[in-house]
Amino acid sequence: MDNKEMVELPEEVEVIGVRFRQTGKIYYFDPNGLKVDQGENVIVETARGLEYGQTVAANKFVPNTEIVPPLRKVIRKATRADDIHHEENSKKEKEAFDICLQKIEKHNLEMKLIEVEYTVDNNKLLFYFSAEGRVDFRELVKDLASVFKTRIELRQIGIRDEAKMMGGLGVCGRPFCCKTFLNDFAQVSIKMAKEQNLSLNSAKISGTCGRLMCCLRYESEVYEEELKRTPKIDSIVETPDGEGVVTEVLPLAGLVKVRMNANPDQAPKTFQRDLLKVKGYLRRKEKDEKIDDELKKLEES
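So, a few notes on the structure that sits alongside this text. (Residues numbered from 1 in each chain as written. Predicted model: local features only at pLDDT ≥ 70, side-chain atom pairs only at ≥ 80, totals over all residues. Heavy atoms only, no water.)

## Re the overall build of the protein chain
Under the convention used in this document: Helix and strand assignments follow DSSP, with helices taken as H or I runs no shorter than four residues and strands as E runs no shorter than two, numbered in order from the N terminus. For this measure, only C-alpha atoms enter the radius of gyration; the expected value for a globule follows 2.2 Å times N^0.38, where N is the number of residues. Three labels apply to residues, based on accessible area from a 1.4 Å probe with only protein chains included: buried if under 20% of the type maximum, exposed if over 50%, partly exposed otherwise in between. For accessible areas, the Shrake-Rupley method is used with a probe of radius 1.4 Å. Any residue's cover is judged against the shown protein chains and nothing else.
Along the protein chain, the regular secondary structure elements total eight helices and 13 strands. Its C-alpha atoms give the protein chain a radius of gyration of 27 Å, more than 25% over the compact-globule value 19 Å for 301 residues. For the protein chain, buried positions account for 34% of its 301 residues. Accessible surface, the protein chain: about 19,500 Å² in total, of which carbon and sulfur atoms supply 49%.

Spelled out as structure tokens, the structure:
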């Protein structure tokens, strides 16, 4: 049993928030007695070695529950020499990218190179790639190590991370959200598209990456809250004009379209949801259940 005393963190811990990519995650570091302003570049130690990052959150105190120990320290504020070295590394990364492409072709590997990254101390060179399955890149690593004379790490990433790194334009005509401001990928589901009355055609609700669009989540909470107050489709409701069945809902507007039982062949009437009283529900149709099964498969793919 370890006899060392357990070091208890105070209730609040002083940290700074550092980001290593334009829209990457924000990581907390111990400022190590330094006063670091937002926008300043710093040199920090990570599991990958020394890295150059930008401060996006100046010195502040956060609850210790938000800290993932051990909290690593800031080595120093980036100097002019560090800035120049970072720029030089950026140029070397472009050269390494081209060389790696040649080596991938040489070894006839089914992989797509996405990005190359040097650590600040140049002790490690990371190559990010995507592939449909597993890739045996052992010979490639040996080849690259003989060229760059440093530690080589190849890291396979998913299709969402690929889109985040490469960027591009979405179906809306704007740059990808993941490339411009999203720090991380939140869970997105088919249910969100259904609640917002969007087309359930996979081509219309999928992003360029082929996965469900991240923006489906933006208004999801509002729709969920409004739908709780709105009669569901196929509800049997009592209206000021008699009994009918709900055929369509407009949750944000608080409106409901009802097919009146007295005149089922006429166009549905529109009512404010607060004027309706739910009396029951029609039995779900088998085709609707089949559609739900197909959508579930799409979501899991």
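So that's the structure; there's more coming.
## Some points on the packing of helix α1 (residues 80-106) against helix α2 (residues 138-148)
Which entries qualify depends on this criterion: Orientation is described by lines fitted to C-alpha atoms, with helices fitted over the stretch in contact, and by angles between N-to-C directions that extend from 0 to 180 degrees. Each crossing gets its handedness from the near helix: less than a right angle anticlockwise from the far helix is left-handed, clockwise is right-handed. In this description, contact between two residues means that some pair of their heavy atoms is separated by no more than 4.5 Å. Residues are grouped as follows: Ala, Val, Leu, Ile, Met, Phe, Trp, Tyr, Cys and Pro are nonpolar; Asp, Glu, Lys and Arg are charged; every other residue, Gly included, is polar.
Running from N to C, α1 and α2 cross one another at 145 degrees; their axes reach a closest spacing of 10 Å. Crossing handedness for the pair α1 and α2: right-handed. Of α2, the residues touching α1 (which contributes Ala96, Ile99, Cys100, Lys103, Ile104 and Lys106) are Leu140, Asp143, Leu144, Val147 and Phe148. Taken together, the residues of the contact of α1 with α2 break down into eight nonpolar, no polar and three charged.

## Quick word on the nonpolar core
We apply this condition: The set of buried Ala, Val, Leu, Ile, Met, Phe, Trp, Tyr and Cys residues whose side-chain atoms join them within 4.5 Å is what this entry labels a nonpolar core.
Membership of the largest hydrophobic core comes to 17 residues, with the highest contact counts inside it found for Met111, Leu125, Phe127, Leu144, Phe148 and Leu154. Those elements giving two or more residues to this core turn out to be α1, β6 (112-118), β7 (124-130), α2 and β8 (151-156). For Leu154, the residues in contact, after removing those within four places along its chain, are Met111, Phe127, Phe129, Phe137, Leu140, Val141 and Leu144.

## Some remarks on helix α7 (residues 220-228)
We apply this condition: What the arc covers is the set of directions going from the helix axis to the C-beta atoms.
Of all the positions in α7, only Ser220, Tyr223 and Glu226 are classed as buried. Along α7, the residues classed as buried sweep out an arc of 130 degrees about the axis, all on the same side. For α7, the exposed residues lying more than 90 degrees away from the buried face are Glu221 and Lys228. Looking at the buried residues of α7, the elements they touch are α5 (190-195).

## A short note on the environment of Phe20
Counting through the fold element by element, Phe20 comes out in the loop between β1 (12-19) and β2 (26-29). The class of Phe20 is partly exposed, set by a relative accessible area of 23%. In this structure the C-alpha to C-alpha distance between Phe20 and Glu51, which are 31 residues apart in sequence, comes to 7.9 Å.

## Side note on the environment of Val171
Along the polypeptide, Val171 turns up in the loop between α3 (159-166) and α4 (177-180). Accessibility expressed as a relative area gives 64% for Val171, which makes it exposed. Here the alpha-carbon distance between Val171 and Tyr118, two residues 53 residues apart in the chain, equals 33 Å.

## Some details on the pattern of salt bridges
Rules: Here, a salt bridge means any side-chain nitrogen of Lys or Arg that lies within 4 Å of a carboxyl oxygen of Asp or Glu.
In this structure the tally under the stated criterion is 20 salt bridges. In this structure, the salt-bridge partner of Lys77 is Glu40, at a minimum N-O distance of 3.5 Å. Residue Lys77 is located in strand β5 (residues 74-77), and its partner Glu40 is located in the loop between β2 and β3 (41-46); the two are separated by 37 residues in the primary sequence. Given the relative accessible area of 24%, Glu40 is considered partly exposed. Of the charged contacts, one joins Asp136 and Arg138 as a salt bridge, the two residues approaching to 2.8 Å between their closest N and O atoms. By relative accessible area, which is 48% here, Asp136 ends up partly exposed. Sharing partners across several salt bridges, the network here consists of Arg21, Glu115 and Glu117.

## As for the sheet that holds strand β11 (residues 255-260)
Under the convention used in this document: For two strands to pair, DSSP has to find at least two bridges joining them.
Strand order in the open sheet formed by five strands is β12-β11-β10-β9-β13, and the pairing between neighbours is antiparallel. In this open sheet, the two edge strands, each paired with only one partner strand, are β12 (269-272) and β13 (277-281). Averaged over all pairs of adjacent strands, the angle between strand axes in this sheet comes to 45 degrees, irrespective of strand direction. In this sheet, β11 lies alongside strand β10 (residues 242-250) in antiparallel orientation, the contact comprising six bridges. Within the sheet, the bridge partner assigned to Val249 lies in β11 and is Val256.

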